[in-house]
Amino acid sequence: MTRITLGGAVLRGTVSTALMASLMSASALGAPPVDLSKWSPEYVRSIAGTQDFDTAADCAKVTPLDYKGRLTFWYQGVFEGDPDLLRQYYKDFFETFRKTYPNIQLEEQALTYNDLLDKFRTALLGNAAPMAVRLQILGGTEFASKGYLQPLKPEDVGYSTEDFWPGAMKAVTWEGVTYGIPTNNETMAFIWNADIFKRAGLDPDKAPATWDDVVKYSKQIHDKLGIAGYGLVARKNAGNTPYRFMPQLWAYGGGVFDEATANPTYKKIELDSPQSKAALQASYDMYVRDKSVPVSALTNQQADNQPLFLAGQLGMMISHPSDYNVMLDLQKKATGTDKDKAQTVIDNMRYGLIPTGPDGKRAVVFGGSNIHILKPEYVEGGKVDEPAAKAIICMWTSPEWSLKMAYAGSNPGNLNGFKTKWMKERLDNIKFLDVTTSMLPYGIPFPALPQSPEIMNIIVPDMLQNALTGAMTVDQAADDAAKKVKDLMGGGL
Amino acid sequence: MTIVTGKTEARARLQPGWSGVLRKIWEHRADYAYVLPAIIVMLIVIAYPIYYTIELSFFNTPPGLQLRDKNFIGVDNYTAILTSEVFWMVTWNTLIWTLASTFFSFVLGFATALALHRDFTGRGVLRAILIIPWVISAVAASYIWKWIYHSDFGIIGAVLVGLGLADRPPNFIDSVSTVLPSLIVVNIWREFPFAMIMMMAGLQTVPDQLLRAAKVDGANAWQRFWHVTFPHLRNVSTVTILLLAVANFNSFIIPWIMTGGGPSNASHIWITHIYELAFGRQRWGVASAYSVLLFLILMTLGYFYVRALSGNERKDGSA
């Protein structure tokens, strides 16, 4: 647990007073713990390590540390594309929880991103869900709208709504009621291999400025070196696909609806707009016309692009800051000349902002995960141990653990996490973190609709596959996808 | 003492209606008591899901609603399925998948069984090696084949490029035209050992003296096979083909893991499409209607399977 320094205690006292005031009159006095209008790498550095938090003491106010109970908990855990560092933090979290709450019998189950929704939906149908669940940001609204989740807001576990990103809170809100708390929020960045750029005659220290440049650079890399330029991903039922295509779609001025605007209404379907078609055309140009991206893009996930990148067979890709650590882990496992080759790639790894569209618009998916409590009638045994559920939620969404559990690949859901000493340490340890934190203000949440998982995991990848395989023209694929969204929103079969 | 005459026996046999059935059940009450626990379990785990699937197939289940909030829509799900382009595409894929997998698995299995029926050194080892594809996990096999086929750095592609036989790795599973044949090859590789084992067992029932007699009568190898061996294998062949067909119709693991039904639905077969409809898109009603149709098809195949088995039993009994 965290040891509190004198300065930290003073700061904590100040923050507690402010927090209490905000709880008393949230609308009048509530203010984010960090100034989002000043957001920049310099600002993030300036606030890192300025405040200490005592997680156990904070959570004891929500659920006493000697509380005796039982909790079933499912969460989207680490998978093959995550670094070992993150695996260790997950292990540490559950060990710490068991030490902090020794009388809570915790039965946790980790599931991968692509399996969690299917399994959770099936469990709900049989009233066999866990008491609490940590879902990807895309899933919360679906289950809230169906009435499976209990209302749950940050104030219920000792925090304030203002402690979390406003965009993240939108993703846990359905018809004005909050049904969950963000654990982490992430925005990805653009990664390239400077050595490949140099050999292809490109500026090794400059990321492509626009998506049109990505198409151009990808072709140049492929034509000159015979390797894949950009790491396109278009697999269906895989979270990686929308995370990589939607930034492109939004940058060109397109969208599924108007989700890229400040106040989305999700009324008008934009997938068949000229801007959306231009974004799809860019992918088509890379895959079909130039053949400058991996042929396996239709069956690949990002985890397949990582070894390609490490082998020096891929010039550019979109991913987390954690990919740097993943490359280090993979390099450790390499042998002989492969090890040196991998080291060269790591030395030449560069991160930059995701390119803009033709009008200078930059966008990235505002991703992450949220934690929820289920209603008792859908839980195995028909009972929910609320204090136990709130204990784990308080701990996971605390400044300390929301940072540690997102150490390498994401960012803390609780904005106070940016002020902790671990953030300071992280800024020194995790290379390129600045770039992804700089992308956060460009983050656009997925539409907060129950239909979003189907749109993002099936309809959008289908549109890509239809265009890239030649099953349809770009126009037909976009029109077909727009029709599918329209049918879906209209409750069609 | 009751004297049973031929007339009363015939009357009892012909006794119509429920009273006769009930009397028979009563007479065999101990037998029914023995099988009752199994029947109860079967009713719970088989009959109820079938009933519920049929019921659900008449309801609309929008993704924004819970299953209990479903709306009755009559046969609209069936109409929607039969008028959708995807249905016909998926059905065509399923037919190709089932027929090609069944045919080639059987032919290859049969040929291998014939080859292994002869006595030669290392036959046991070879037999054990050939069974490996059938005994290893389908999930593991699917992942291995995915890497073998990989369109950028798969083993086949690397060998072909290395030998100068191709400029770039062939596109096996990322193309709408090659994905289904590529998956069928994997399925055949996995299933032919089953056909091989079945046919090897069948070959052992062919009477050796008949083959020798045919040889003495001047029949050549082909004539001995066609006129002696093959007729003896007809029943085991029918059963093997039906079992393969049912298994292939129900196949899920290989296409789902290797391609997820893609690209562009080119490798979606009924089962993967039903799974995606139900668990990916939460169209429980439409998925149930698909399942009912699939159930009817499989029941038809099942009927022929049982008939084939009964035919075997009758033949065995009369022999």
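Just so you know, these numbers come straight off a predicted model, no measurement behind them.

What about the UniProt feature "transmembrane region" (unreviewed entry) in chain B?
Residues and elements named next belong to chain B. Following the UniProt record, the feature "transmembrane region" (unreviewed entry) maps to residues 32-54, 95-116, 128-149, 169-189, 239-258 and 287-306 here. Annotated as residues 32-54, this span is 100% helix and 0% strand, and its ends, taken at the C-alpha atoms, are 28 Å apart. Helix and strand shares over residues 239-258 are 85% and 0% respectively, and the end C-alpha atoms of the span are 29 Å apart.

Description of the packing of helix 5 (residues 85-117) of chain B against helix 12 (residues 234-249) of chain B
Residues and elements named next belong to chain B. In contact at an axis separation of 9 Å, helix 5 and helix 12 are set at 145° when each is read in the N-to-C sense. Crossing of helix 5 over helix 12 shows right-handed handedness. Within the contact between the two elements, helix 5 uses Thr 94, Trp 97, Thr 98, Ser 101, Thr 102, Ser 105 and Phe 106 and helix 12 uses Thr 240, Ile 241, Leu 244, Ala 245, Asn 248 and Phe 249. The class makeup of the residues in the contact of helix 5 with helix 12 is six nonpolar, seven polar and no charged.

As for the domain arrangement of chain A
All names here are of chain A. Taken as a whole, chain A is organised into domain 1 (6-187 + 366-444) and domain 2 (189-364 + 451-489). One C-alpha centre belongs to domain 1, the other to domain 2; they are set 29 Å apart. The interface of domain 1 with domain 2 comprises 32 residues on the first partner and 28 residues on the second. Those elements that place two or more of their residues in the side of domain 1 that touches domain 2 are helix 5 (84-100), helix 6 (113-125), helix 7 (140-145), helix 19 (433-439) and strand 14 (443-444). Considering every element that reaches the side of domain 1 that touches domain 2, the biggest residue donor is helix 19, with five residues. Split into classes, the residues belonging to the side of domain 1 that touches domain 2 amount to 14 nonpolar, 12 polar and six charged.

A few points about the UniProt feature "domain: ABC transmembrane type-1" (unreviewed entry) in chain B
UniProt tags residues 91-305 of chain B as "domain: ABC transmembrane type-1" (unreviewed entry). Helix makes up 75% of residues 91-305 of chain B and strand 0%, and the two end C-alpha atoms of the span are 22 Å apart.

Conventions we followed
Residues numbered from 1 in each chain as written. Chains lettered and ligands numbered in written order. Predicted model: local features only at pLDDT ≥ 70, side-chain atom pairs only at ≥ 80, totals over all residues. UniProt positions renumbered as here; feature names shortened; annotations may be inferred. Helix = DSSP H or I, 4+ residues; strand = E, 2+ residues; numbered from the N terminus. Axes fitted to C-alpha atoms, helices over the stretch in contact; angles between N-to-C directions. Left-handed = near helix turned anticlockwise from the far one by under 90°. Contact = placed C-beta atoms within 7 Å. Nonpolar A, V, L, I, M, F, W, Y, C, P; charged D, E, K, R; others polar. Domains from an automatic or database assignment.

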